[in-house]
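The chain contents come next:
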Amino acid sequence: VAFPNVATIGSISLQQNKTLTKLEFPSLLTTGNVSLVADTALTTLGLPKLTKVEDLLLSTFDAPVDLPKLEEAKNILIAGNVPTLSMPVLAKATELEISGTKATGLAGFGALTTLVNLKVNGNADLTTFGFAALTKVTTVFDVSNNSALDPCLAQAVVTQLSPKPTQVTIANNKTASC
């Protein structure tokens, strides 16, 4: 399904569409919320011009998440099956949670500098961490239960944060000594 002429919309919400394989908004610049949950046949998600979203909830589908122009978001939750993640110009968000994905790396968040909460949990294939520009996580920094991730990569990001988050948890990742 394609919506080629939509530049702004209040929200996009789709749940449990078992036959939807493609969703494209090639002209969409801004929206309040994007919620795609349990659209298990979805293999193509096209939001190439999206620059601003309030809440982004992407869960349980097999499409890569590539938002090359996204600059601003409030809450981002990405969970389940998503094979790759990239938001290369996203600089600031409130909450970023990446949970149970099939992603092997998070280098696609290279411009992100500021968060309130960062939670990266249960991503069994994750081997690289990224977040090279991240300098501020105010409250929660939680990187746990990522069985292939060297915890030293997460610890290195914590050392570049100032001030340190209120709560730092780096646990149950790959065994390593930092």
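Below, the structure is looked at part by part. Computed from a predicted model, the values in this text were never measured in an experiment.

**Description of the overall build of the protein chain**
Move 1: Secondary structure assignment for the protein chain yields 1 helix and 12 strands.
Move 2: Listed N to C, the secondary structure of the protein chain is β-β-β-β-β-β-β-β-β-β-β-α-β in terms of helices and strands.
Move 3: Scaling as 2.2 N^0.38, a compact globule of 178 residues should have a C-alpha radius of gyration of about 16 Å, and the protein chain matches this with 16 Å.
Move 4: Referenced to the eigenvectors of the C-alpha coordinate spread, the extents of the protein chain come out at roughly 50 × 30 × 20 Å.
Move 5: Considering only intrachain contacts with a sequence separation of at least 6, the fraction spanning at least 24 residues in the protein chain is 19%.
Move 6: Taking the average place of the 12 positive charges on the side chains of the protein chain and the average place of its 13 negative ones, the gap between the two points comes to 4 Å.

**Remarks on the sheet that holds strand β7 (residues 72–79)**
Move 1: In space, the 8 strands of this open sheet follow the order β1-β3-β5-β7-β9-β10-β11-β12, with parallel pairing throughout. Across the chains shown, the open sheet's two edge strands, defined by having one partner strand only, are β1 (8–15) and β12 (167–171). Taken pair by pair, the neighbouring strands of this sheet meet at an average axis angle of 10°, ignoring direction.
Move 2: As judged from the 7 bridges shared by strand β10 (residues 114–121) and strand β11 (residues 136–144), these two strands associate in the parallel manner. For Leu 118, the partnering residue across the bridge sits in β11 and is Phe 141.
Move 3: Lying over the sheet, helix α1 (residues 151–159) contacts β11 and β12, oriented at roughly 165° with respect to β12.

**Brief notes about the pattern of salt bridges**
Move 1: Counting across every chain of the model gives 1 salt bridge.
Move 2: In this structure, Glu 95 engages Lys 119 in a salt bridge whose closest nitrogen and oxygen atoms are separated by 3.5 Å. Here Glu 95 is found in strand β9 (residues 95–99), whereas its partner Lys 119 is found in strand β10, with 24 residues between them in sequence.
Move 3: For Lys 119, a relative accessible area of 25% gives the class partly exposed.

**Here we look at the pairing of β10**
Move 1: The pairing of β9 with β10 spans 5 bridges and is parallel. Counted as the bridge partner of Glu 97 is Lys 119 from β10.

**Some details on the packing of aromatic side chains**
Move 1: Summed over the entire model, instances satisfying the criterion amount to 4 aromatic pairs.
Move 2: Pairing Phe 129 with Phe 131 gives two aromatic rings, centres 5.0 Å apart and planes at 55°, and the pair type is tilted.
Move 3: Looking at Phe 129, the relative accessible area reads 2%, which means it is buried.

What counts and how
- Residues numbered from 1 in each chain as written.
- Predicted model: local features only at pLDDT ≥ 70, side-chain atom pairs only at ≥ 80, totals over all residues.
- Heavy atoms only, no water.
- Helix = DSSP H or I, 4+ residues; strand = E, 2+ residues; numbered from the N terminus.
- Rg over C-alpha atoms; globule rule 2.2 N^0.38 Å.
- Contact = heavy atoms within 4.5 Å.
- Lys, Arg positive; Asp, Glu negative; His and termini not counted.
- Charge placed at Lys NZ, Arg CZ, Asp CG, Glu CD.
- Pairing = 2+ DSSP bridges.
- Axes fitted to C-alpha atoms, helices over the stretch in contact; angles between N-to-C directions.
- Salt bridge = Lys/Arg side-chain N within 4 Å of Asp/Glu carboxyl O.
- Buried < 20%, exposed > 50% of the residue type's maximum accessible area, 1.4 Å probe, protein only.
- Phe/Tyr/Trp six-rings, centres within 6.5 Å; stacked < 30°, edge-to-face > 60°.

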